[in-house]
Amino acid sequence: MVEPRVGWLPLDECWLGLTMKQSLWGARTASNKVVVMSATLLVVSLLLSMTDEDLSVALHPSGWWTLVIFTLAFAVAHLFVFHVEYRREAITYTMTELPMAFALLYCGLGKAIVARVVGGVLVLVVKHRPGMVKLLFNGSLFVFETVLCYAIFHVLIGEERGNGVQPIVGVLIALLVTAAVDAFLVSTVISFFEPGQWRRARTEMASMAVVSTVSGIAATLAAALSLAWPHLTILGLVPIAAVWNLERNHGRTAQRLRDFEALHQLSRSVSSSLHTEEIASGSISEIRNLLRSERAAILLFDPTSGAVSLAASTGEAFEGLPTTVHDPRWRAFAAAPEALLIELSVFQTLGIPLATSGGNVIVAPISADDVAIGLMLVAERGGSTGRYDAGDVLRADAIADRLGLALRNAQLHAQIEQEAWRDALTGVPSRTAIERILDDELDGSPDDHQLVGVMLIGLDRFRDVNAAFGHQFGDRVLVEFTARLLKAVDNRGVVGRVAGDEFVVVYEVADSEESTALAHDLALVVQMPYHIDGVDVSVAVSIGLLEATRGAAEGPVLLRQANQALEWAKRHHDGVVRFRAEIEGDAAERLLLLADLRVALDHRELDVHFQPKVDLVTGAVVGAEALVRWEHPTRGSIPPLDFIELAEAAGLIGALTDQVITKSVAAIRLCNDLGYQLKVAVNLSTLDLLDEGLVDRVRRALRTEGVPADQLTLEITETALLADGPKALLTATALQRLGVQLSIDDFGTGFSSLSYLRMLPAHELKIDRSFITNVVTEDRDEVIVRSTIDLGHTLGLRVTAEGVEDDATLVHLAGLGCDLAQGFGISRPLPFNRFIAWLANSGFPVARNEWAIDRDAAAMATQREAFLKIR
Ligand code: C2E
Ligand code: CA
Ligand code: CA
């Protein structure tokens, strides 16, 4: 009768087998260590067995035939195994504790060793074909285990060889202690092969200790049963089977959890990187461990060409891997919907010399959004079986999924980075690239003869071109502009585009004169008319530039200063401007001014002046233009264009416009009260038309003062109307519906097309001052003014001439059929009280309210005569 013993032993064909193939020095040392350890175990076994000659005498002697039974029992125990795998190792649980428990009671040590070693080694050799080192270790361990177990058992039952329960307790304790020592030995050996895995192995061993305890108790019970009722021993095997089954399931669950955890760790590590190389190289060894593979490879295909752009592998390299996604032998694998389990013979048939030694191979397509982006290949599975199974395929698929996601993200990231380096429209380096190029350039060793120049070229009012002819047209101008710039710069420097309408040139020059000369050359070339789609357009540029010595300047600072010079050039219409201290001071100054402007707006300190508008037919004053004024406490009066630009840039323009409108509407009310019937025109900024609240605020201002909407005119420049076409037009239409009149200001300086003008809900057209100034003397200007007046009338608009500085011009304009005029020749813009005084004393008749007209029709007649005399 035999008592069962459930135990475990390291069926380490995986790591040992692997080790034999590796020629790594580290692995060879590990093998050497194992050999030494095996020898030690054998010597210790020998010494232990000599301590007590009773060891060879069985407690309950049995016949020779039991040797056969025990050998078979140990062999069977090795056949019924379950494996727990982690990384590339497998630990195998066997039922050897069951025969061992019975052997302790019914066999002497010699017989037990023979049965244990022969039974165990037989199965190992036949079933797993282990390497020599592995066989040596397992054989030595079998011997040692048996001797240790016997030694402990005999110490416990003592000289009188026990009675009653004593042998039973002895069996139990002997089994448990042996199990613990085994656990220690196996984890030690594993740690030889997987450095750094000692802790992990120990945890594994701890859980095995629990398993061994449970199995040990069950085995002891079965053995005890055999002592009392030999025939019922069979009953004792039933709980053993149950325990075994439970343990097996537990092992599988734990295995799954471990796999899950490892997969989770893999996805965490791959998703933490945005670089394909990093992801591939970082995950390849994880994959190798997760799939217990000796060899693994990842291929990544270039999204556009399909060529392999990246290959990472571990273990011996595969032969015959594809170099492109289009490789006909591999196409099916890359396009497969999921991972495939492929026998080596298939590769032979396909003519792929994969050169792997045995087993099968998993080929998993790596895809993202249903596009094949790569392939994953694993071969030569280690672990308990040496062949991949369906579970491995699932795992491979899960890994490929995560890899696909991470690699695709990385590819997109790379693409975005790539795009960040090149301007998409013109193909020249982008701002990011130029910053890097400039830094590199400045990092060079200082050179007395060569300076690094930075030139910013800004297109003046390029927005108008876009607005008038459409963005596509604007884009074509920019492309042509870039081509000319590149040709003109040639190999003297690098051209980049830093903003929609701003280009940069980084170049080498001897001195600042050469630099300025280059700037003028470039300006000349790019300002020549562009002939596109039958349209001729010219663009003007402003240029800001400066030079620096290598090693003595910083890129970002140079770019900022060049930008300040460019802004200065634009503001002062200066063409080419070299950065100088004053300009930097100017930039700082503008910041201070902005702070003061905020205060002035908060305190409503901005003033509004009124410039009269005269009807050229009746000679009557019919309105005025409201012009904002700012008297700075220390700097005196600041030109409106200066602080309006500031307000626009700082988002204060809405508040500014509001104040001008409120004051202007109040002025209209006062005029009405005085009996005058005047229209007052307020200027809007481009940005005002994009402000959705504008219409409401205008309505409220009119309602508060009780002023009819048609007494308020809003002046809009062509640019403003064109800027954000639909939205500006929407606001303009809403204002018109409110009853407010609209006037197109500075007409002739933009790019308005006739068809566009026709769409505008305007009432008035103001011819820009630049055409009026010389209208009397310059024929060309006269032609323009005359045709503009005709155009305005054709479109049903009244036409105003601005900037009328003398009587001659006034009379001339009246002759041309112009409707209204304003200008210094009639009156400068005046503060409201002086404007009222002017109305009374200028000699011009003034449009009157009905009640006022009734009252002094006579006086008006006199004034009219006076005006006609001027004409
Ligand atoms: P604008 O709308 O073309 O206004 C006419 C400008 O021409 C005014 O300059 C006016 O003083 C000036 N001017 C009038 N008659 C003559 C003349 O006979 N000869 C000359 N040389 N100049 C004349 P100002 O007041 O300096 O305003 C300049 C620009 O600032 C305005 O040009 C307008 O675009 C803007 N602006 C003025 N006030 C406001 C405002 O309240 N809001 C907005 N958004 N812009 C305003
Ligand atoms: Ca105006
Ligand atoms: Ca104007």
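Cut-offs and rules
Residues numbered from 1 in each chain as written. Chains lettered and ligands numbered in written order. Predicted model: local features only at pLDDT ≥ 70, side-chain atom pairs only at ≥ 80, totals over all residues. Heavy atoms only, no water. Helix = DSSP H or I, 4+ residues; strand = E, 2+ residues; numbered from the N terminus. Expected span 1.5 Å × (residues − 1). Buried < 20%, exposed > 50% of the residue type's maximum accessible area, 1.4 Å probe, protein only. Arc of directions from axis to C-beta. Contact = heavy atoms within 4.5 Å. Pairing = 2+ DSSP bridges. Near = heavy atom within 4 Å. Areas by Shrake-Rupley, 256 points an atom, 1.4 Å probe, with all protein chains shown as cover. Nonpolar A, V, L, I, M, F, W, Y, C, P; charged D, E, K, R; others polar. Donors = N, O, S within 2.8 Å, 3.2 Å for Na, K, Ca; no water. Axes fitted to C-alpha atoms, helices over the stretch in contact; angles between N-to-C directions.

Visitor: What is the right way to read helix α14 (residues 431–443) from this model?
Guide: Because each turn of an α-helix spans 3.6 residues, side chains separated by three or four positions end up pointing in the same direction. Taking 1.5 Å per residue as the helical rise, α14 with its 13 residues ought to reach 18 Å, and the 18 Å between its terminal C-alpha atoms agrees with that figure. Taken together, the buried positions of α14 are occupied by A433, I434, L438 and L442. Around the axis of α14, the buried residues are gathered within 160° of arc, so they sit on the same side. Within α14, the exposed residues directed more than 90 degrees away from the buried face are D440 and D443. Next to the buried residues of α14 lie α13 (390–421), β9 (451–459), β10 (493–499), β11 (502–509) and α18 (555–572).

Visitor: Got a minute to help me understand the pairing of strand β22 (residues 764–767) in this structure?
Guide: A two-sided burial pattern is seen for β22, the buried positions comprising E764 and K766 on one face and L765 and I767 on the other. As defined by bridge partners, strand β21 (residues 741–747) adjoins β22 across three bridges and the pair is classed as parallel. Along β22, the bridge assignment pairs S743 with E764. One ladder, built from four bridges, connects β22 with strand β23 (residues 798–801); its direction is parallel. Note that in β23 the partner of K766 across the bridge is T800.

Visitor: Could you clarify how one ought to interpret the site of ligand 1 in this entry?
Guide: Surveying the vicinity of ligand 1 reveals 22 residues, the closest of which are Q611, R629, R769, E805 and F824. For ligand 1, the accessible surface in isolation is 790 Å², of which the surrounding protein chains cover 84%. Only β17 (621–632), α20 (640–650) and β21 provide two or more residues apiece to the shell around ligand 1. Among the elements that line the shell around ligand 1, the one with the most residues is β17, at four residues. Its residues assigned to classes, the shell around ligand 1 comprises ten nonpolar, five polar and seven charged.

Visitor: Is there a simple way to explain the coordination of the calcium ion (ligand 2) in this structure?
Guide: Tetrahedral metal sites with four donors have an ideal angle of 109.5 degrees; octahedral sites with six donors have ideal angles of 90 or 180 degrees. Within the first shell, the calcium ion (ligand 2) binds the protein through E625 (OE), N683 (OD1), E715 (OE) and D745 (OD), at distances of 2.1 to 2.3 Å. We note that the donor set of the calcium ion (ligand 2) lies within a single chain, spaced as E-x57-N-x31-E-x29-D. Metal-to-metal, the separation of the calcium ion (ligand 2) and the calcium ion (ligand 3) is 3.9 Å; D745 coordinates the two. In this pair, E625 sits in strand β17 while D745 sits in strand β21, placing the two residues 120 residues apart along the sequence. In this pair, the class of E625 matches that of D745, namely buried.

Visitor: Help me understand the sheet that holds β11, please; the structure alone is not making it clear to me.
Guide: Strand pairing in a sheet is mediated by backbone hydrogen bonds. Such pairs are either parallel or antiparallel. Read across the open sheet, the five strands follow the order β10-β11-β9-β14-β15; overall the sheet is mixed. The sheet is open, and its two edges are formed by β10 and β15 (576–578), each paired on a single side. The mean inter-strand angle of the sheet, taken between neighbouring strand axes irrespective of direction, is 20°. Sheet topology note: the β9/β11 ladder contains eight bridges and is antiparallel. Across the sheet, G453 pairs through a bridge with Y507, a residue of β11.

Visitor: What exactly am I supposed to notice about the coordination of the calcium ion (ligand 3) here?
Guide: Donor atoms from the polypeptide that bind the calcium ion (ligand 3) are D745 (OD), D746 (OD), E802 (OE) and E802 (OE), placed at 2.3 to 2.5 Å. Motif for the calcium ion (ligand 3), donor spacing along one chain: D-D-x55-E. Overall, the relative accessible area of 26% leaves D746 in the partly exposed class.

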